[in-house]
Structure formats: structure tokens, C-alpha cells
Amino acid sequence: MREPDLRPLSPNWIPPQLLAREKELGRLLDSWNSKEQENLWIWGRSGLGKTLTVKVFKERIEAEGGSVFIIELERIGLKNSIRKWAIDHLEKLRADDYLADPIIRVIERDCKDRKFALFFDNIDYLGKLIKRDLSPLLHTLYEHFTNAGYNFSISLITSRDYEQRKKILTPSVLSRLWPQSQVFPPYNKGEIEIILDQRLRFVFGEDYKKRVDKSALEALSDYIYREGSDIRIALDVARKVVKDTGAFKFEAVNEAIYRFDVLVWMEWINELSQTQKLLLNAIAHLTSQRLKESGIDEREWEQNPRISWHEVREAYKKLCNKKGITPLPDPSVRYNLSQLELKDWVETRILPRNHPDNYMKRRGLFVRLTNPCDKILEAFNELERRRSF
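Let me sum up the structure you'll find in this document.

The rules behind these values
Residues numbered from 1 in each chain as written. Predicted model: local features only at pLDDT ≥ 70, side-chain atom pairs only at ≥ 80, totals over all residues. Heavy atoms only, no water. Helix = DSSP H or I, 4+ residues; strand = E, 2+ residues; numbered from the N terminus. Expected span 1.5 Å × (residues − 1). Buried < 20%, exposed > 50% of the residue type's maximum accessible area, 1.4 Å probe, protein only. Arc of directions from axis to C-beta. Contact = heavy atoms within 4.5 Å. Phe/Tyr/Trp six-rings, centres within 6.5 Å; stacked < 30°, edge-to-face > 60°. Lys NZ or Arg CZ within 6 Å of the ring centre and 35° of its normal. Pairing = 2+ DSSP bridges. Axes fitted to C-alpha atoms, helices over the stretch in contact; angles between N-to-C directions. Polar contact = N/O pair within 3.5 Å; in protein donor to acceptor, adjacent residues only side chain to side chain. Salt bridge = Lys/Arg side-chain N within 4 Å of Asp/Glu carboxyl O. Core = buried A, V, L, I, M, F, W, Y, C linked by side-chain atoms within 4.5 Å. Parallel < 35°, antiparallel > 145°, perpendicular 65-115°, else oblique. Nonpolar A, V, L, I, M, F, W, Y, C, P; charged D, E, K, R; others polar.

### Observations regarding helix α1 (residues 22-33)
Count 3.6 residues to each turn of an α-helix, and residues three or four apart come out pointing the same way. If you check α1, its first and last C-alpha atoms are 16 Å apart, about what twelve residues at 1.5 Å a residue would give, namely 16 Å. Taken as a whole, α1 has its buried residues at E24, L25, L28, L29, S31 and W32. Angularly, the buried residues of α1 cover 160° about the axis, an arc narrow enough to put them on a single face. Seen from the buried face of α1, the exposed residues on the opposite side, beyond 90 degrees, are K23, D30 and N33. In this structure, the buried residues of α1 make contact with β1 (40-43), α2 (50-63), β3 (115-121) and β5 (180-183).

Here you go:
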């Protein structure tokens, strides 16, 4: 049997046939073939095929002699991302360049028939600087190529929904581009399965039937669907299983899913401060106790019970004493609780004494865990085992 080819399990691999995104690709092609191209606001959560669909579109158009440009924005900032893109396109940078200059030179040099489509990918990396930095750039590009008589489109790829365009872009850019919505909805379970199946067939070739379990495909597809349909996670898990075992079997996939899940939660927890970790640990343990007492299934995390702040504070102090740490004063602890709420770990609410969730029977602050209690505790247990908490 030949060695598996892991390249098809990379997020950057472009399949010969795009699956589950034919409708979205069709809209890009229709726009290209129309008399006046659409500027699109391409949005949806991460891992739903937005960038891949645009790359497939680019391949198809360029195979026919057309011109498509994708500027991938990175954490290095807008200016450095554009400089990197220009260098990749063999364009010499000049000391007096404005942001738009290298883009204009590349497009004017490489564009055929004065027609092109331009995409800015990952604009979310710019954060609050989208309005300040990206909007003037879009304005300049639009004005330049309109005045030069080009048939073109400028589209933005983002995880922010269509309504947020009004908050992110300046009115002058909105009035010129007037981007139309192109949403990428979450994959359903069947779509995830056919995407994985396609890639694994390229990984194993003629050995596919011997090395791939249908039950393993179903298990991973079901997990990814429940966790938000991020296909990149599916590819990460599949790549690890194939690399470690040389096959794609049910037992190995189940083990990889568990390990991956725990690692992800560990990474998220490690982004918290020490006080926030202690608070979260205390809240999770108290939540688990109340779930067991009430008989609520821990997997039904949306029904996590509220915990009184008094109990959380006492549990936090006990954890500090156990670890030999001096507890912070109450105002500092409350501040860290507010930070956990901002990061969507918990929600807080002051309940009146007659509220059905107020088991203390006196007005006070209550805390509810907004994430799966069992997964948080598993991650903390692994951190304890590694002596990282």
C-alpha cells in the first residue's frame, strides 16, 4: 500500500471540484459574466469555505484568461499585508508609495481586457482600523479604476454579518461600492461528510476502501456539525489521524476528537488571567454540583443553573488557599468576573428574592456558565495533570 498523501487535508488545497458551495461559486461566476459586476460582502463564520470558493473562482477565471486578485490581510496590518502581496506579485515597492499605489500598478500591469475582480480576505484582522485605514483605500481604488474605464468589482470577505457593513465602512465607500450580501451558511452534516470523503479519496487513492471506515466519516462529520461546521477543524482532526495511523478508522477518529476538543478548551482557558482561571474553575465545579443535584443532563449546557455570587466567591477563596495564592479583594474579583462575562464565559444577573432561580431567597448577584460545563472541567483536569494550572 502506498503512503497517504496528506496534501488534500490542508485547508489551502484546492479540490478539482468544489462541493457544497456550488451556489455561492455560481453567483461569483454570474457576476463576472454580467455587464456590470457586483461588489459583494462575503460573510459567514470561519471555516465555511468562503476563501476556498473565491480561490476556485480565481482558478476558473484565470484559466479562461481573466484577472482575479486576492489580497489576504494578516495580523501584520493592512500596510504590511499589501506590501507582502505586492512582493509576491513581483512588484517593486517605492518609498513614496501610498497604500493604493502598489495595488494599482499590479492590476494595471497584469489585468487583461481592462476587467478584473479584487477580493480583500480576512478584513476582520484590521479590527477597528477597517473604517480608518481600509475605507480610504477602497475609496481610492474605486475612484481610480472607475475613472480609468475598467469593468471591475471589489469584494470583502469577513465573518461579520451584512448589517455590520454600515458600522465598518464609511458612508462614501458604501455609496460607491454598495456591496451586496453573499452569506455562507453553516455546512450540514451531509455536506461535511461529502467534503471529507472527497479529500480522503485523494489521500488514499486506490487504497481508500481498505483504509477508510464509513463510521469514522460519520462520527467526525457529526462532531464538526455540532461544533459549528468549521471544516478546518475536520481537516485538522483527519490529518492527525491519517498521519499517526496511516488510515481513517473509527476508534482513532473518536480518540482524536476527544483529544482535539480538550486541547481547544485548554487553549481558550490559557488565554485567561490566573484569577479568571480560578473563578471559572470555581463556577464550573459549582455548576457541575448543582446539575448533579437537579438531574439536568450536563450536555444540555444551555440550561446551566445560576450560581450565587456568595458561593462563587467562597469557592474561589478555597481554590486560592489550596494553591497557596493570596485571594484578591472583592472589588478585584468582581472586575475579573466582569472580564469573564465580556469574553462570553459567563453571564451575570441580579435576581430579586422571589425569582424562581434565586435559591438563596434574598436579592443578590447570580452567575450562569454559558459554555459546556463538562468540557471546561475536562480541560482543567488536563491542565492540572500537566501542572499548567
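That shown, we press on.
### Observations regarding the packing of aromatic side chains
Tallying each qualifying case throughout the model produces 14 aromatic pairs. Each ring, one from F116 and one from F145, has its centre 4.9 Å from the other, and the planes form 70°; the classification is edge-to-face. Of the two residues, F116 is situated in strand β3 and F145 in helix α5 (residues 129-147); the sequence distance between them amounts to 29 residues. We classify F116 as buried; its relative accessible area is 0%. On the accessibility criterion, F145 (1% relative accessible area) is buried. Here the aromatic residues F69, W85, F116, Y142, F145, Y150 and F152 are joined through ring pairs into a cluster of three or more. It is R21 that lies over the ring of Y187; its NZ or CZ is 4.2 Å from the centre. A cation over an aromatic ring shows up here: R290 above the ring of Y359, its NZ or CZ 4.0 Å from the ring centre.

### Side note on the sheet that holds strand β6 (residues 306-308)
In spatial order, the strands read β6-β8-β7; together these three strands make up an open sheet with antiparallel pairing. The two strands at the open ends of the sheet, each matched to only one other strand, are β6 and β7 (346-351). Averaged over all neighbouring strand pairs, the angle between strand axes comes to 35°, with direction disregarded. Pairing of β7 with strand β8 (residues 364-369), which is carried by six bridges, proceeds in the antiparallel orientation. Note on β8: the bridge partner recorded for L351 is G364. Its contacts with the sheet put helix α13 (residues 274-294) on β6, β7 and β8, and the angle it makes with β8 is roughly 85°. Helix-sheet contacts for helix α15 (residues 330-342) involve β7 and β8, and the interaxial angle to β7 is about 120°.

### What about the sheet that holds β3?
Here five strands make up an open sheet; going across it, the order is β2-β3-β4-β1-β5 and the pairing parallel. Two strands close off the open sheet at either side, each with one partner strand: β2 (68-72) and β5. Each adjacent strand pair in this sheet contributes to an overall mean axis angle of 20°, direction not counted. Taken together, the three bridges between β1 and strand β4 (residues 151-158) define a ladder with parallel strand orientation. Counted as the bridge partner of I42 is I157 from β4.

### Remarks on the environment of D213
Residue position: D213 is located in the loop between α9 (208-211) and α10 (214-226). Distance from D213 to G149, taken between C-alpha atoms, is 56 Å for residues 64 residues apart in sequence. Contacts of D213, omitting those with residues within four sequence positions, involve F248, K249 and F250. Looking at D213, its side chain comes within polar contact range of the side chain of K249, at 3.3 Å.

### Focus: the pattern of salt bridges
All told, the structure shown has 33 salt bridges when counted by the stated rule. Across the salt bridge formed by K58 and E62, the nearest N and O atoms sit 2.7 Å from each other. Taken together, the residues span about one helical turn, with K58 and E62 both in helix α2 at a distance of four residues. E62 gets classed as partly exposed once you look at its relative accessible area, which sits at 38%. Two residues, E143 and R176, come together in a salt bridge whose shortest N-O distance is 2.6 Å.

### Observations concerning the nonpolar core
With 49 residues, the main nonpolar core has F57, F119, L200, L220 and F248 as its most contacted residues. Not counting the four nearest positions on each side in its chain, L220 is found in contact with L196, A234, V237, A238, F248, V253 and I257.

### Structural notes on the packing of helix α12 (residues 250-270) against helix α16 (residues 373-385)
The contact between α12 and α16 brings their axes to 8 Å, and the two run at 80°. Relative to α16, the element α12 is oriented roughly perpendicular. Contacts between α12 and α16 involve Y258, D261, V262, W265, M266, I269 and N270 from the former and K375, I376, E378, A379, F380, E382 and L383 from the latter. Considering only residue class, the contact of α12 with α16 consists of nine nonpolar, one polar and four charged.

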